[in-house]
Amino acid sequence: MRVVLISCVSKKRCVKSMAKEMYISPLFKGAYKYAKKINADKIFILSAKYGLLEETDIIEPYNETLNKKKNSEVKLLAEKVLAQLSLKTDLKSDDFVFLAGERYRKYLVDEIEHVSIPLKGMPIGKQLSFYKENL
């Protein structure tokens, strides 16, 4: 199974929404469309507040980011995400594609067997260009 993990973004709708519709930045929209294009079997969103979200989870707007959290808090969130992922995927045999920044994947990649990070090291402007070129 191909599993795509997309990080949340700060630009959100102001009303309760499905997770896939909550995040409205061009970066998130590009990542989501790319995940669909590469035929992801499952798409999850890595949320600084909620942990692992399914596309159709209904969530309230929030203003949290991993950039403002201590490393210990980021690690605790990663442990929560891994526990959630292990119930929905196979961490040893599924293929995971991270469309998420370093802080979002830092404590996850070492616990997952098959990982690819196509945008690793790219600044946001380059990521946006990547999505435009590949959609």
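Structure first, text after, so check above.
Among the nonpolar cores identified, the biggest contains 44 residues, and L5, I6, Y23, L46, L85 and L99 are the most heavily contacted of them. Counting residues per element, the ones that place at least two in this core are β1 (2–7), α1 (19–22), α2 (26–37), β3 (42–47), β4 (51–54), α3 (71–88), β6 (95–99) and α5 (124–134). When near neighbours in sequence (up to four residues on either side) are disregarded, L85 contacts L5, F44, L52, L91, F96 and I112.

One pass over the structure, following the stated rule, counts seven aromatic pairs. When the ring of Y34 is compared with that of F130, the centres are 5.2 Å apart and the planes differ by 65 degrees; the resulting orientation is edge-to-face. Taken as a pair, Y34 in helix α2 and F130 in helix α5 lie far apart in primary sequence, 96 residues in all. Taking relative accessible area as the criterion, Y34 reaches 13% and is therefore assigned buried. Its relative accessible area of 15% is what places F130 among the buried residues. The ring centre of Y62 lies 4.5 Å from the NZ or CZ of K12, which sits over that ring.

Another aspect to go through is unusual backbone geometry. Positive phi, close to 60 degrees, is recorded for N39, a residue that is not glycine. Examined against the element boundaries, N39 turns out to sit in the loop between α2 and β3. Look at N39 and you get exposed, because its relative accessible area is 58%.

Let us now look at the environment of E60. Checked against the element boundaries, E60 lands in the loop between β5 (58–59) and α3. E60 gets classed as partly exposed once you look at its relative accessible area, which sits at 40%. Spatially, the C-alpha atoms of E60 and K37 are 28 Å apart, while their sequence positions differ by 23 residues. In contact with E60, not counting residues within four places along its chain, are K16, M22 and Y50.

All right, on to the sheet that holds β3 then. If you walk across this open sheet you meet the five strands as β4-β3-β1-β6-β7, and the pairing is mixed. In this open sheet, the two edge strands, each paired with only one partner strand, are β4 and β7 (114–116). Adjacent strand axes in the sheet meet at a mean angle of 30 degrees, parallel and antiparallel pairs treated alike. Pairing between β1 and β3: five bridges, direction parallel. Each residue of the ladder has a partner; that of L5, found in β3, is F44. Taken strand by strand, α3 contacts β1, β3, β4 and β6, and its axis lies near 35 degrees from that of β4.

Criteria and cut-off values
- Residues numbered from 1 in each chain as written.
- Predicted model: local features only at pLDDT ≥ 70, side-chain atom pairs only at ≥ 80, totals over all residues.
- Heavy atoms only, no water.
- Core = buried A, V, L, I, M, F, W, Y, C linked by side-chain atoms within 4.5 Å.
- Buried < 20%, exposed > 50% of the residue type's maximum accessible area, 1.4 Å probe, protein only.
- Helix = DSSP H or I, 4+ residues; strand = E, 2+ residues; numbered from the N terminus.
- Contact = heavy atoms within 4.5 Å.
- Phe/Tyr/Trp six-rings, centres within 6.5 Å; stacked < 30°, edge-to-face > 60°.
- Lys NZ or Arg CZ within 6 Å of the ring centre and 35° of its normal.
- Pairing = 2+ DSSP bridges.
- Axes fitted to C-alpha atoms, helices over the stretch in contact; angles between N-to-C directions.

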